[in-house]
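# Topology and contacts: notes
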Amino acid sequence: MGWRVGIAGAQRWALQGLAQALQRAGCEPLLLASLARLPALDVLLLAPADAHSARQLAAQVPNELPLLWLGDAADAPRGAATGHLSADASDEALAAAVNALAHGLNVQDTASKAPAAATAELSEPLTPRELEVLELLAKGLANRDIALALGISSHTAKFHVAQILEKTGAATRTEAVRQGLRLGLIGL
C-alpha cells in the first residue's frame, strides 16, 4: 500500500496503537502533535475524544485532504473524501478504509447511517430496503437472487433496483454500486 497517513487525536497511547496497526498494513503512519503545518499526506486519521474536539481539529485540515474519522465524530461536514469507522474497527477495516480514501472513495461502517452529504447528492434518499438491495447489488447478485435473499418477489427486487438507479442517477447496476461506495452508502 505505502500510503502516508497522519494520525491526530486526544489519547497518545491510542494513537500509537493505530500507528502500529497501519504500519503492519504497509502504510507509513506519522503521529502529529499539531495540525498547523501538515506534511504531505495521503490520508489524515482523526481519533478525537469527542465530537466537539473532532470539529475543532477538522477546521484546521485542508478540504482536499481525505479524512478518516475514528469514533463518534462523523457529522462534521467535509469537501474531501471522508470516512468514518467505529473506535473498535478491526485492523483490516482500518487498512481497507485508508486504501479506499486514498483512492477518492468515501467509507462508512455499514452499521452507521448514510452521511448527510450522501443524501444531498441523491435525487431522493434511499429507503432502508433500497440500501439492503444496494448491498446485494454490490455482491453481484441478480434480481432473482436478491429476491430470495430478502424474501420478496423478483418483480419487487426489480422495482427496488430501478428505484436505486433512478435515485443515484446511474445508468447501470455497476454505476449504482460505484456511486453507493463513493457516497459511503455501502461498505467495502
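Quick notes on the rules
- Residues numbered from 1 in each chain as written.
- Predicted model: local features only at pLDDT ≥ 70, side-chain atom pairs only at ≥ 80, totals over all residues.
- Heavy atoms only, no water.
- Helix = DSSP H or I, 4+ residues; strand = E, 2+ residues; numbered from the N terminus.
- Contact = heavy atoms within 4.5 Å.
- Expected span 1.5 Å × (residues − 1).
- Buried < 20%, exposed > 50% of the residue type's maximum accessible area, 1.4 Å probe, protein only.
- Pairing = 2+ DSSP bridges.
- pLDDT = per-residue confidence, 0-100.
- Core = buried A, V, L, I, M, F, W, Y, C linked by side-chain atoms within 4.5 Å.
- Salt bridge = Lys/Arg side-chain N within 4 Å of Asp/Glu carboxyl O.
- Axes fitted to C-alpha atoms, helices over the stretch in contact; angles between N-to-C directions.
- Parallel < 35°, antiparallel > 145°, perpendicular 65-115°, else oblique.
- Nonpolar A, V, L, I, M, F, W, Y, C, P; charged D, E, K, R; others polar.

As recorded by an unreviewed UniProt entry, the protein carries the name Helix-turn-helix transcriptional regulator and is attributed to Ramlibacter ginsenosidimutans.

Further remarks concern the overall build of the protein. When its secondary structure is counted, the protein shows eight helices and six strands. The order of α-helices and β-strands along the protein, N terminus first, is β-α-β-β-α-β-β-α-β-α-α-α-α-α. Taking contacts inside the protein between residues at least 6 apart in sequence as the whole, the part at least 24 apart equals 52%.

Turning our attention to helix H7 (residues 154-168). Because an α-helix completes one turn every 3.6 residues, residues spaced three or four positions apart along the sequence face the same direction. Here H7 is 15 residues long and its end C-alpha atoms lie 21 Å apart, about the 21 Å a rise of 1.5 Å per residue gives. Buried residues of H7: Ala157, His160, Val161, Ile164, Leu165, Lys167 and Thr168, and no others. Lining the buried residues of H7 we find helix H5 (128-138), helix H6 (143-150) and helix H8 (173-182). Looking at the residues trailing H7, positive phi occurs at Gly169, about 70 degrees.

What follows is about the sheet that holds strand S3 (residues 43-47). Strand order across the open sheet formed by six strands is S2-S1-S3-S4-S5-S6, with parallel pairing between neighbours. What marks the edges here is a single partner per strand, and that holds for strand S2 (28-31) and strand S6 (107-108). Inspection of the sheet shows strand S5 (residues 82-85) paired to S6 by two bridges, in the parallel sense. From the neighbouring strand, His84 faces S6, where its bridge partner is Gln108.

We now examine the confidence of the model for the protein. When pLDDT is averaged along the protein, the result is 82, and 85% of the positions lie at 70 or above. Of all helices and strands in the protein, the one with the weakest mean pLDDT is helix H4 (residues 116-121) (52), whereas H6 scores best (95). A low-confidence stretch, residues 73-77 (pLDDT under 50), is modelled with 10 contacts involving residues beyond four sequence positions or located in other chains. Confidence over residues 112-120 falls short of pLDDT 50; this stretch has 10 contacts with residues more than four positions distant or in other chains.

Before going further, it helps to spend a moment on the nonpolar core. Formed by 21 residues in total, the largest nonpolar core has its most connected members in Leu45 and Leu68. Contributions of two or more residues to this core are made by strand S1 (4-9), helix H1 (12-24), S3, strand S4 (67-70) and helix H3 (91-102). Setting aside anything within four residues of it in sequence, one finds Leu68 in contact with Val43, Leu44, Leu45, Leu46, Gly83, His84, Leu85, Leu94, Ala97, Val98 and Leu101. In this structure, Leu122, Ala170, Leu181 and Ile186 belong to the second largest nonpolar core, which totals 19 residues.

Okay, the pattern of salt bridges next. Once their charged atoms are close, side chains differing in charge can pair, the charge on each being opposite to the other. For the structure shown, the criterion picks out five salt bridges. In this structure, the salt-bridge partner of Glu132 is Arg129, at a minimum N-O distance of 3.0 Å. Placement of the pair is Glu132 and Arg129 together in helix H5, with a separation of three residues, close to one helical turn. Here Glu132 falls in the partly exposed class, since its relative accessible area comes to 38%.

Taking every second residue as pointing to the same face, both faces of S4 are buried, with Leu67 and Trp69 on one and Leu68 and Leu70 on the other. Here S3 pairs with S4 via three bridges, running parallel. Bridging from a neighbouring strand, Leu44 pairs with Leu67 of S4. Two elements, S4 and S5, share four bridges in a ladder whose sense is parallel. Counterpart to Leu67 in the pairing with S5 is Thr82.

On to the packing of H5 against H7, then. H7 packs onto H5 with a crossing angle of 90 degrees between their chain directions and a minimal axis gap of 10 Å. Classified by the angle their axes make, H5 and H7 are roughly perpendicular. Residue-level contacts link Arg129, Glu130, Val133, Leu134 and Leu137 of H5 to His160, Val161, Gln163, Ile164 and Lys167 of H7. Residues belonging to the contact of H5 with H7 are distributed by class as follows: five nonpolar, two polar and three charged.

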